[in-house]
Amino acid sequence: LPLRGNDLLLLRPGATWTYRFTNEAPGNSSEHRYEVTGEVPVDGGTCTELKVHDGTYEYWAARDDGIYLHRNAGRGDRRVDTRGKPYLILLCPPRVGATWEWTDSGSVQIMNGNSYPPEETLRILFKATVESIDDSVTVPAGNFRTVRVTIVATGYTNSTETYWFAPGVGIVKR
């Protein structure tokens, strides 16, 4: 059977886990703790609320066609931002080489009726690619066969984020 979003994102209320974040600078790492707090209504369905160690919240939804990340309404705000579409983090069923894109923009301040900085300079293009559907990953929790998706953001901000989804487990590396 082809993998669906519900096969790759299992978020049970009360579950907690920690990711160790590192970047290219020597000695620059930190730990981010996540806790599943429960389900919240959104767009006629539900999504799962995660409390992040820094007091922010993430809102995830697993559907047959993929895994989505909803925006939150603001730092520390426990509301889903329903003004825009959620980000499609993983298209299901996953296929190596599959790509999809979406755009968003950074924050804008309004001064004297004008956006600052100009809104067009805040555009961000996201491009997601399924890199592998059988990637072996070893983390402190064990060894997993995973689906790996990489998301590259360009424009106002430039970044790359990779997620490893293990069937029957969820996100095992990020």
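Residues numbered from 1 in each chain as written. Predicted model: local features only at pLDDT ≥ 70, side-chain atom pairs only at ≥ 80, totals over all residues. Heavy atoms only, no water.

## Thoughts on the pattern of salt bridges
Taken as a whole, this structure holds 7 salt bridges when the rule is applied. Linking Asp-64 and Arg-4 is a salt bridge whose minimum nitrogen-to-oxygen distance equals 3.1 Å. Here the residue Asp-64 occupies a position in the loop between strand 4 (57-63) and strand 5 (66-70), and Arg-4 occupies one in the segment before helix 1 (5-8), the gap between them amounting to 60 residues. Given the relative accessible area of 36%, Arg-4 is considered partly exposed. A cluster of three or more residues bridged by salt bridges with shared partners is formed by Arg-4, Asp-7 and Asp-64. (Salt bridge = Lys/Arg side-chain N within 4 Å of Asp/Glu carboxyl O. Helix = DSSP H or I, 4+ residues; strand = E, 2+ residues; numbered from the N terminus. Buried < 20%, exposed > 50% of the residue type's maximum accessible area, 1.4 Å probe, protein only.)

## A look at the pairing of strand 6 (residues 87-91)
Burial within strand 6 is extensive, with 4 of its 5 residues counted as buried. Bridge analysis of strand 5 against strand 6 gives 4 bridges, and the strand direction is antiparallel. Each residue of the ladder has a partner; that of Gly-66, found in strand 6, is Leu-91. (Pairing = 2+ DSSP bridges.)

## Details of the packing of aromatic side chains
Aromatic ring pairs are defined here through the distance separating the ring centres and the angle between the ring planes. Considering all chains together, one arrives at 6 aromatic pairs under this definition. When the ring of Tyr-87 is compared with that of Phe-126, the centres are 5.5 Å apart and the planes differ by 35°; the resulting orientation is tilted. Residue Tyr-87 is found in strand 6, and its partner Phe-126 is found in strand 10 (residues 123-139); the two are separated by 39 residues along the sequence. For Tyr-87, a relative accessible area of 15% translates into the label buried. (Phe/Tyr/Trp six-rings, centres within 6.5 Å; stacked < 30°, edge-to-face > 60°.)

## Points about the environment of Gly-97
Following the sequence through the fold, Gly-97 ends up in the loop between strand 6 and strand 7 (99-105). The exposure class of Gly-97 is partly exposed, given its relative accessible area of 47%. Spatially, the C-alpha atoms of Gly-97 and Thr-129 are 6.1 Å apart, while their sequence positions differ by 32 residues.

## A look at the nonpolar core
By size, the foremost hydrophobic cluster in this structure holds 38 residues, and its most contacted members are Trp-60, Ile-89, Leu-90, Trp-100, Tyr-163 and Phe-165. Within the second largest apolar cluster, 6 residues are counted, among which are Val-139, Trp-164, Ala-166 and Val-172. (Core = buried A, V, L, I, M, F, W, Y, C linked by side-chain atoms within 4.5 Å.)

## Brief notes about empty space enclosed by the protein
With the rule as written, the count across this model stands at 1 cavity of 30 Å³ or more. Here the largest cavity defines a volume of roughly 40 Å³. Taken together, Leu-9, Leu-11, Trp-17, Tyr-19, Leu-50, Trp-60, Ile-171 and Arg-174 form the lining of the largest cavity. Of the residues contributing to the lining of the largest cavity, the split by class is 7 nonpolar, no polar and 1 charged. (1 Å grid on protein atoms, 1.4 Å probe; cavity = no way out; pocket = protein on both sides within 12 Å on 5 of 7 lines; lining within 4 Å. Points joined across faces, edges and corners; volume = space filled by probe spheres on them. Nonpolar A, V, L, I, M, F, W, Y, C, P; charged D, E, K, R; others polar.)

## Observations concerning the sheet that holds strand 13 (residues 170-173)
Strand pairing within a sheet occurs via backbone hydrogen bonds; the two strands may be parallel or antiparallel. An order of 7-10-11-12-13 is seen for the 5 strands of this open sheet, with the pairing classed as antiparallel. Of all the strands in the sheet, just strand 7 and strand 13 have a single pairing partner and so form its edges. Taken pair by pair, the neighbouring strands of this sheet meet at an average axis angle of 35°, ignoring direction. (Axes fitted to C-alpha atoms, helices over the stretch in contact; angles between N-to-C directions.)

## So, the side chain of Thr-150
Assignment of secondary structure puts Thr-150 in strand 11 (residues 142-155). A polar atom in the side chain of Thr-150 sits 3.3 Å from the side chain of Thr-162. Filtering out sequence-adjacent residues up to four positions away, Thr-150 remains in contact with Lys-127, Ala-128, Thr-129, Glu-131, Thr-160, Glu-161 and Thr-162. (Polar contact = N/O pair within 3.5 Å; in protein donor to acceptor, adjacent residues only side chain to side chain. Contact = heavy atoms within 4.5 Å.)

## Some thoughts on the environment of Leu-125
As for its position among the elements, Leu-125 is in strand 10. According to the relative accessible area criterion, Leu-125 is partly exposed, its value standing at 33%. Sequence separation between Leu-125 and Thr-154 is 29 residues, and the spatial gap between their C-alpha atoms is 5.3 Å. Excluding residues that lie within four positions of it along the chain, Leu-125 makes contacts with Glu-101, Trp-102, Thr-103, Val-152, Ala-153 and Thr-154.

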